[in-house]
Amino acid sequence: MASEASMRKQQDLQTQYQNYKSTLQSLAQKVGEIEQEIEEHKLVIETLEPLPGDRKCFRLINGVLVERTVKEVLPALKTNSDGLKQVLDELLKQYKSKQDEMDKWKKKNNVQVVQNP
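In this text the structure is predicted, and so the values were computed from the model without any measurement.

Caption draft 1: Quick look at the overall build of the chain. Within the chain, the secondary structure is distributed over two helices and two strands. Counting from the amino terminus, helix and strand elements in the chain follow one another as α-β-β-α. Radius of gyration (C-alpha) of the chain: 23 Å, far over the 13 Å computed for a compact globule of 117 residues. Counting over 117 residues, the chain shows a buried share of 21%. Within the chain, contacts between residues separated by at least 24 positions form 64% of all contacts whose residues are at least 6 apart in sequence. When the accessible area of the chain is evaluated, it comes to approximately 9200 Å², of which 51% is carbon and sulfur surface.

Structure below.
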């Protein structure tokens, strides 16, 4: 009976560990996607900044390509880029907090990760 309870506790610990790992992995994936979008915005902003404000450019909005001028598009791009940076900061805080939570949980439950060869 005691070994059955021990096995059950071990399974619960493994499940919790997998949940932590999958949460951290999904957060890391989101961070990567946001970083990529920030880089794309930065590249477009750097490309458009030296151009005259009345020059024609195109922007994709909700799957529709619309014609605008550089002076109309540039402020929107900068606003979007700033918003993405805020989202990235928040995601990084969430990742760090979840990582710290997992470390505390591992210490509390005396969990040691063993890698299978």
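Caption draft 2: Quick peek at the packing of aromatic side chains. Taken as a whole, this structure holds one aromatic pair when the rule is applied. Taking 5.4 Å as the distance between ring centres and 50° as the angle between the ring planes, the aromatic pair formed by Tyr20 and Trp105 counts as tilted. With Tyr20 in helix α1 (residues 2–48) and Trp105 in helix α2 (residues 70–108), this residue pair connects regions lying 85 residues apart in the sequence. Here the two residues Tyr20 and Trp105 agree in accessibility, since each one is buried.

Caption draft 3: Summary view of the pairing of strand β2 (residues 64–69). Bridge count between strand β1 (residues 56–61) and β2: six bridges; the pairing is antiparallel. When the sheet's bridge partners are listed, Lys56 is paired in β2 with Thr69. Hairpin connection, β1 to β2: the antiparallel pair is bridged by two residues, and Asn62 has positive phi, about 50°.

Caption draft 4: Structural context of the layout of surface pockets. One number sums up the size of the largest pocket: a volume of about 250 Å³. In terms of residue class, the lining of the largest pocket is built from five nonpolar, five polar and no charged.

Thresholds applied
Residues numbered from 1 in each chain as written. Predicted model: local features only at pLDDT ≥ 70, side-chain atom pairs only at ≥ 80, totals over all residues. Heavy atoms only, no water. Helix = DSSP H or I, 4+ residues; strand = E, 2+ residues; numbered from the N terminus. Rg over C-alpha atoms; globule rule 2.2 N^0.38 Å. Buried < 20%, exposed > 50% of the residue type's maximum accessible area, 1.4 Å probe, protein only. Contact = heavy atoms within 4.5 Å. Areas by Shrake-Rupley, 256 points an atom, 1.4 Å probe, with all protein chains shown as cover. Phe/Tyr/Trp six-rings, centres within 6.5 Å; stacked < 30°, edge-to-face > 60°. Pairing = 2+ DSSP bridges. 1 Å grid on protein atoms, 1.4 Å probe; cavity = no way out; pocket = protein on both sides within 12 Å on 5 of 7 lines; lining within 4 Å. Points joined across faces, edges and corners; volume = space filled by probe spheres on them. Nonpolar A, V, L, I, M, F, W, Y, C, P; charged D, E, K, R; others polar.

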